[in-house]
Amino acid sequence: MKFITIDKKDWAKGIDKSRGTYQLFGPVTDINGCQIKALDADVQPEMEYTDSVLSAKSVLFPQSEKILVTSLNEADDDHHIMKRADGDYTPRAVIGIRPYDARAIQLVKMNFDTEDYRDPYWCDAYEATTFVGLAINKPGPLDFSTSTGTGPFSEDGLDILLADMDDKFLAKVLTPKGEAYAAACGFNTEADAKESQVLFDVMRKDAEKTISSSVETDKLKDKTILDLYEAPFWDDVAFSCINCGTCTYVCPTCWCFDIQDENKLKASSRFRNWDTCMSPLFTRHATGHNPRGEKTMRVRQRFMHKLKYFLDKYDSGIMCVGCGRCVKSCPVNIDIRQVCETMNNYEKKE
Amino acid sequence: MENPYLPYPVRIDDIEIATEDKSLKTFKFVFLNEGDEEKFAYQAGQFAELSIPGVGEIPIGIASSPVEKGFVKFTVFRTGVVTSYLHNMKVGDIMGLRGPLGNWYPWDKLEGKNVVIIGGGFAFTTLRSSIVYMLDPANRSKFGNIDVVYGARSPGMLLYREELYEWEKRSDINMHITVDGTDDPDWKYNKGFVPQIVEEKAPQADADTFAIVCGPPIMIKFTQPALTKLGYGPDQIIMSLENRMKCGIGMCGRCNIGKELVCKDGPVFTLEEINMTPKEY
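Residues numbered from 1 in each chain as written. Chains lettered and ligands numbered in written order. Predicted model: local features only at pLDDT ≥ 70, side-chain atom pairs only at ≥ 80, totals over all residues. Heavy atoms only, no water.

Student: Explain the overall build of chain B residue by residue, including any values.
Tutor: Of regular secondary structure, chain B possesses 8 helices and 15 strands. Against the compact-globule benchmark of 19 Å for 281 residues, chain B has a radius of gyration of 18 Å, which places it among compact chains. The buried share among the 281 residues of chain B stands at 60%. Sequence separation of 24 or more characterises 69% of the internal contacts of chain B that already satisfy a separation of 6 or more. On chain B, roughly 11200 Å² of surface is accessible, and the fraction owed to carbon and sulfur atoms is 49%. (Helix = DSSP H or I, 4+ residues; strand = E, 2+ residues; numbered from the N terminus. Rg over C-alpha atoms; globule rule 2.2 N^0.38 Å. Buried < 20%, exposed > 50% of the residue type's maximum accessible area, 1.4 Å probe, protein only. Contact = heavy atoms within 4.5 Å. Areas by Shrake-Rupley, 256 points an atom, 1.4 Å probe, with all protein chains shown as cover.)

Structure follows, in structure tokens:
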């Protein structure tokens, strides 16, 4: 495994150099707080950020994405015949993605890249992307990532992992994609691999030590779906929920979407947009019947999906990476850690 | 399928009003591109997304049968934005078809077995596909007795009436057509709700008999006890579910019942499987 040191004085220059071959995404602050966005040519990623309001999922899964186009003008030869919308799948790099967000992308991949179907929009974007992670030296109070199969120095899903060492970055190059990106930046000051790994391990342990928050998930697997579904606590969990959907939008692992057509004169486009299981419209049949018509049912669906259905279906842990965004953003203080604990400790009374 | 969101272009070849109240129409589509029909190879019980550019998509069971070539057929109830638009479209119009989607009735497992088909109202589309498939000369010998209980509100609300009356005359299929009520003095079939006719006319269960049930929730609710009374176990009752769908390929996240996705793991489940999942349909 190769390590590179990057003097912070050379950082911006290297990033700029890579713009020739890569479209860059990274953390920038706007009026809505810190976001992971496409970087304009004169904008550098803000590597001092603590956390972004929204996760990095939009790099591969935009909030709104044009997927198909056609003409509704009957004078055109190919009117009403849909075609894939043009997309830019030239190399892109997301700089400063947090390790838990990179892990989340691996979980989302299980949904979009399956044995039966490959979602071409998500997968093409994924293949075009190099993930340059930034380790978290000082995890925030809501970070519980070490108990969800990732952590502040986790390498899962990353091509490069950067550790901030005050005046420099120490970069662990994890994949050929990462190597290509480092070369495009001109970062080539190799560091001693053994020494660097020791440094990484020390920093990782220090960072993990400061994480005080965790979830227990060990007993979820042995419970049946129906026992948890029929458990008596869901009304209490959902009581304060206002179904705003914020938790689903800020969540790095929420992937549900809607498909809608939009017309401008005779040009028609089909879009996919982020959707939320918190909305009654999400499941309402054309007849008006709604299998998840009550608020409690929708709240239960969200937690059951993340903490039980996903676990049972993929056997890859829960569908939560412990970023703490939903805990922080929820206007009525619903806390997935508490819900997880309630579910994990629930025993059905015979 | 290279891009599972991209529909095959089709032309509306024929439109038939299917019921006396005109709320259902049967659309016959032909594929515009050579080779697409082969790519669309389907089994009885599957569905597809009817895709109208500029309007949207709807998941609808395939009413034509795999043994019918050269076209595909769908019978559509006018109820929402897309179905209303479709009902106003004309022969010759171009639209899209995405599929086939979902699983199908377990034809492998049903080989050599007696099959009881139970349908109500306009949930008879994939059942029609199944009956035509089983009655095909190449397939009929693969199955034992075939019984069909099919009911609607009134004679004019029965789908595929011509075919029903043809099947009624055959000796290799036992038809039990019924209506909730009629004032037609010449009505020579049953009168009564589907669950009641099932109890009276459907064969007793044995290890080699399976029931396929498709209908409105109220019919399903009351047909289950009737079948149980006849001795059918939950693994012998096969059902097709419906839920709101968008992608149809198991990705958009809305149609799940527990960890099963109705669009991809279904729409066909045995009652035994459904009993293990939350009833969110």
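Student: Just give me the short version of the domain arrangement of chain B, but keep the residues and values in it.
Tutor: Residues and elements named next belong to chain B. Domain parsing of chain B yields domain 1 (8-100) and domain 2 (107-240). For domain 1 and domain 2, the distance between their C-alpha centroids amounts to 24 Å. Opposite the 21 residues of domain 1 that make contact, domain 2 presents 19 residues. When domain 1 packs against domain 2, close to 1500 Å² is buried across both sides, 59% of that on carbon and sulfur atoms. Of all residues in domain 1, the largest losses of buried area upon contact with domain 2 belong to Glu20, Ala44 and Val67, amounting jointly to 29% of the total for that side. On the surface where domain 1 and domain 2 come into contact, there are 1 salt bridge. A salt bridge links Glu68 to Arg128; the nearest nitrogen and oxygen atoms lie 2.8 Å apart. Put simply, domain 1 and domain 2 have 10 residue pairs in polar contact (both at pLDDT 80 or more) between them. For the side of domain 1 that touches domain 2, the residue count by class is 8 nonpolar, 10 polar and 3 charged. (Domains from an automatic or database assignment. Buried area = accessible area lost by both parts, 1.4 Å probe. Salt bridge = Lys/Arg side-chain N within 4 Å of Asp/Glu carboxyl O. Polar contact = N/O pair within 3.5 Å; in protein donor to acceptor, adjacent residues only side chain to side chain. Nonpolar A, V, L, I, M, F, W, Y, C, P; charged D, E, K, R; others polar.)

Student: Help me get a handle on the interface of chain A and chain B, residues and values and all.
Tutor: On the side of chain B, 44 residues touch chain A, which itself brings 50 residues to the contact. Roughly 3600 Å² is buried in total at the junction of chain A and chain B, and carbon and sulfur atoms are behind 57% of that figure. On the surface where chain A and chain B come into contact, there are 5 salt bridges. The partner of Arg270 of chain A in a salt bridge is Glu57 of chain B, and the shortest N-O contact between them spans 3.1 Å.

Student: Account for the nonpolar core, naming residues and giving values.
Tutor: By size, the foremost hydrophobic cluster in this structure holds 141 residues, and its most contacted members are Leu162, Tyr181, Phe303 and Met343 of chain A together with Ile118 of chain B. With residues up to four places along the chain from it excluded, the contact list for Phe303 of chain A reads Trp234, Val237, Lys308, Ile334, Ile336, Val339 and Met343 of chain A. (Core = buried A, V, L, I, M, F, W, Y, C linked by side-chain atoms within 4.5 Å.)

Student: Pulling in residues and values, what's your account of the pattern of salt bridges?
Tutor: The final tally for this structure, using the stated rule, is 40 salt bridges over all chains. Where Glu199 of chain B meets Lys229 of chain B, a salt bridge forms, and the shortest distance between an N and an O atom there is 3.0 Å. Placement of Glu199 of chain B in helix 6 (residues 194-201) and of Lys229 of chain B in helix 7 (residues 217-229) is noted, with a sequence separation of 30 residues between them. Taken together, the shared-partner salt bridges in this structure form one network comprising Arg84, Arg118, Asp124 and Glu127 of chain A.

Student: Can you break down the confidence of the model for chain A residue by residue, with the values?
Tutor: This prediction gives chain A a mean pLDDT of 95; 100% of its residues lie at or above 70. By mean pLDDT, the top-scoring element of chain A is strand 7 (residues 129-134) of chain A (98), and the lowest-scoring one is strand 10 (residues 190-191) of chain A (92). (pLDDT = per-residue confidence, 0-100.)

Student: Give me the lowdown on the domain arrangement of chain A, citing residues and values where you can.
Tutor: You'll often see interface size given as the accessible area lost when the parts meet. Residue and element names in this part refer to chain A. As assigned here, chain A comprises domain 1 (2-209) and domain 2 (225-345). Averaged C-alpha coordinates put domain 1 and domain 2 at centres separated by 25 Å. On the side of domain 2, 35 residues touch domain 1, which itself brings 40 residues to the contact. Applying the counting criterion to the domain 1 and domain 2 interface returns 4 salt bridges. For the salt bridge of Asp101 with Arg325, the shortest nitrogen-to-oxygen distance reads 2.9 Å. Connecting domain 1 to domain 2 are 21 residue pairs in polar contact (both at pLDDT 80 or more). Those elements that provide at least two residues to the side of domain 1 that touches domain 2 are strand 4 (64-71), helix 2 (99-112) and helix 3 (120-128). By residue number, the principal contributor to the side of domain 1 that touches domain 2 is helix 2, which donates 9 residues. The residue inventory of the side of domain 1 that touches domain 2, partitioned by class, reads 20 nonpolar, 12 polar and 8 charged.

Student: Got a sec to walk through the environment of Glu190 of chain A? Specific residues and values, please.
Tutor: Tracing the chain through its elements places Glu190 of chain A in strand 10. With 102 residues separating them in the primary sequence, Glu190 of chain A and Asp88 of chain A have C-alpha atoms 33 Å apart.

Student: Residue-level account of the pairing of strand 1 (residues 8-17) of chain B, with values.
Tutor: The two faces of the sheet receive side chains in turn, since in a regular strand these alternate between them. Residues and elements named next belong to chain B. The pairing of strand 1 with strand 6 (residues 94-101) spans 4 bridges and is antiparallel. When the bridges of strand 6 are listed, Pro9 appears paired with Gly96. Across 7 bridges, the pairing between strand 1 and strand 2 (residues 24-31) is antiparallel. Within strand 2, the position partnered with Ile15 by the bridge is Phe27. Count of turn residues in the strand 1/strand 2 antiparallel hairpin: 6 residues, of which Lys22 carries a positive phi of about 60°. (Pairing = 2+ DSSP bridges.)

Student: Let's hear about the sheet that holds strand 9 (residues 168-173) of chain A: which residues, and what values?
Tutor: All names here are of chain A. Across the sheet, 8 strands lie side by side as 3-2-6-7-8-9-1-10; this open sheet has mixed pairing. Each edge of the sheet is formed by a strand with only one pairing partner; in this case those strands are strand 3 (33-38) and strand 10. Alignment of strand 1 (residues 2-7) against strand 9, held across 6 bridges, turns out to be antiparallel. Bridge assignment links Lys2 to a residue of strand 9, and that residue is Val173.

Student: Go over the packing of aromatic side chains, please, and point to the residues and values.
Tutor: The full count for this structure, using the stated rule, is 34 aromatic pairs over all chains. Each ring, one from Tyr249 of chain A and one from Trp274 of chain A, has its centre 6.4 Å from the other, and the planes form 15°; the classification is stacked. Of the two residues, Tyr249 of chain A sits in helix 8 (residues 246-250) while Trp274 of chain A sits in strand 12 (residues 267-274), which places them 25 residues apart along the sequence. For the pair Tyr133 of chain B and Phe143 of chain B, a centre-to-centre distance of 6.4 Å together with 70° between the ring planes defines the contact as edge-to-face. Taken together, the residues span a long stretch of sequence, with Tyr133 of chain B in helix 4 (residues 125-135) and Phe143 of chain B in the loop between helix 4 and strand 8 (146-152) at a distance of 10 residues. Every member of this aromatic cluster is reached through a ring pair, and the members are Phe61, Phe112, Tyr121, Trp122, Tyr126, Phe131, Tyr249, Phe257 and Trp274 of chain A together with Tyr5 of chain B. In this structure, Arg98 of chain A packs its charged tip against the face of Tyr49 of chain A, placed 4.4 Å from the ring centre. (Phe/Tyr/Trp six-rings, centres within 6.5 Å; stacked < 30°, edge-to-face > 60°. Lys NZ or Arg CZ within 6 Å of the ring centre and 35° of its normal.)

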